[in-house]
Amino acid sequence: MIGLISATAAGAAARDRLAAAWPERTRVYDGPVGDAVRAAFAECEQLVCFLATGAVVRLVAPLLSDKRADPGVVCVDEGGRFAVSLVGGHEGGANELAVEVGELLGARPVVTTATDAVGLPGLDTLGLPVEGAVPAVSRALLDGEPVALVAEVPWPLPPLPVAARGAYTIRVTDRTVEPAEREVVLRPPSLVVGVGASRNAPVDEVLGLIEGALREAGLSGRSIAELATVDAKAEEPGIVAAAERLGVPVVTYSAEELAAVEVPNPSDAPLAAVGTPSVAEASALVGGGELLVPKRKSAMVTCAVVRRPARGRLAVVGLGPGARDLLTPRAKAELQRAAVLVGLDQYVDQIRDLLRPGTRVLESGLGAEEERARTAVAEARRGHAVALIGSGDAGVYAMASPALAEASDDIDVVGVPGVTAALAAAAILGAPLGHDHVSISLSDLHTPWEIIERRVRAAAEADIVVTFYNPRSRGRDWQLPKALAILAEHRAGTTPVGVVRNASRPDESGRLTTLAALDPATVDMMTVVTVGNTATREIAGRMVTPRGYRWQAPQEGAE
């Protein structure tokens, strides 16, 4: 929960804007400011104070105890110009909150955390448990001193200025090592613990067996990714409670899946009970990996531990139609997480300033989509964190399709949605997509014209609003007239048509015309053409398609 505190009318107005935008995330604290800050500090994970920075410093200073537990505090000035991350930039999430508040209120986020200021990822913000000398190693990175990366367990990380050797070390390991004086240890979620249990096995017995197995093998419980078991034990109280205490999910598999896994220690008992000769070992080994701890038993529980294979990460990111403010926060986060960026050169140029220092950029020109997809997947298979970028939404006429066709289940793939050209154009035109609609690319470089024409005819006959992508180029000047002629067989010449060029970009232009009046020669590859259905109308200069067909004026005699 985010506590909101203000002292003046202007502060209260900005406070209420946040409260209205985030009703489920915020709580307004009224009354004397000092009492409000103390109450919010005790009850909330974060605070936004619409007060002078000095006043907030004096109020929260006596309340601070531990940066790992203190709430993050953001201060917004009286004029609403700045959102200052004051306390708990990383641990308390104040840096991210300052950015969110700034975007909502139109204020400039002020983040003074050293790593954020120079574009370096904070070692405590990588999403991995961290131990050791975080301030000292972070300072060494900032000062340009050599910091060695020792990856005992390969794991996809954002770009870090590391060296083969150095006086400081970042160690990535799932072993129970104590960090040295100048060392940070990152704990990747590399361990899968397979668990079997008799009915009503106590949670303490489940945890005791797991912790004992890890301790004897020299493995860290902070690297457990999941507890795995058979479907029949999905709701076994002891297993479920153990997973909750460890903070990991329970993943289950059918008995048939587990029976197909080759294990070193099969048994007749689980075969008779749940239909597979192994639960603990088999469920831990389903995804492959190295069996570090073979099956161990207590009175009512079995467990086994596997180090799963290192997996690279591929984020397929939609950049939106071009405007920076239509690039989603999730897309920005993925761009900064990536150690390798793959994309069309003109799209790379749009977001180059958002990349962290050291990001390796692999860019190419038009017409190399499959090559970029293969490159991105290959880099992920080498264990890197990769971002593959495309315009609009990555899954719409963009890079997600060739990338996923190339990828297999040996890498993690994340899709990041983006605002499409059709949506950006529709917002400019009015509301042309208010009912069923379809997008059709008129480019026959990848799809035979016969198939494109069949799809246009189907949309025309079904009276569906159509948005044409790639409508016309120098070498393809007849496809758009042909498509419009097909639509004209089923729609009146007065049907509204919206033409938008470079939607959301500085030279954006949009206009309304009709199906009969549209001149295809005015359209190019940077244009999106939206043709209405029989219910679409122009109202006050805007193109509007109703949500249903009952919107028209009542017929004579109707009430």
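Structure: see above.
For the rest of this paragraph, the subject is the nonpolar core. One finds Val-193, Val-195, Ile-210 and Leu-227 to be the most contacted residues of the largest nonpolar core, which totals 23 residues. If one sorts the elements of this core by residue count, helix 7 (residues 203-217) sits on top with 7 residues. Not counting the four nearest positions on each side in its chain, Val-193 is found in contact with Ile-210, Ile-224, Glu-226, Leu-227, Ala-228, Cys-303, Ala-304 and Val-305. If you look at the next biggest cluster of nonpolar residues, it comprises 21 residues, including Ala-459, Leu-515, Val-523 and Val-529.

Another aspect to go through is the packing of aromatic side chains. Per the counting criterion, the structure on display carries 2 aromatic pairs. Ring centres of Tyr-397 and Tyr-469 lie 4.8 Å apart, and the angle between their planes is 55°; this geometry places the pair in the tilted category. With Tyr-397 in the loop between strand 19 (385-390) and helix 15 (400-406) and Tyr-469 in strand 23 (residues 465-469), the pair connects residues that are 72 residues apart, well separated along the chain. Above the ring of Trp-22, the side-chain terminus of Arg-25 is found at 4.3 Å from the ring centroid.

By the secondary structure assignment, Thr-420 is in the loop between strand 20 (412-416) and helix 16 (421-429). Given the relative accessible area of 12%, Thr-420 is considered buried. A polar atom in the side chain of Thr-420 sits 3.1 Å from the backbone nitrogen of Leu-423. Apart from residues lying up to four places away in sequence, Thr-420 is in contact with Gly-392, Asp-393, Val-396 and Tyr-469.

Parameters and conventions
Residues numbered from 1 in each chain as written. Predicted model: local features only at pLDDT ≥ 70, side-chain atom pairs only at ≥ 80, totals over all residues. Heavy atoms only, no water. Core = buried A, V, L, I, M, F, W, Y, C linked by side-chain atoms within 4.5 Å. Buried < 20%, exposed > 50% of the residue type's maximum accessible area, 1.4 Å probe, protein only. Helix = DSSP H or I, 4+ residues; strand = E, 2+ residues; numbered from the N terminus. Contact = heavy atoms within 4.5 Å. Phe/Tyr/Trp six-rings, centres within 6.5 Å; stacked < 30°, edge-to-face > 60°. Lys NZ or Arg CZ within 6 Å of the ring centre and 35° of its normal. Polar contact = N/O pair within 3.5 Å; in protein donor to acceptor, adjacent residues only side chain to side chain.

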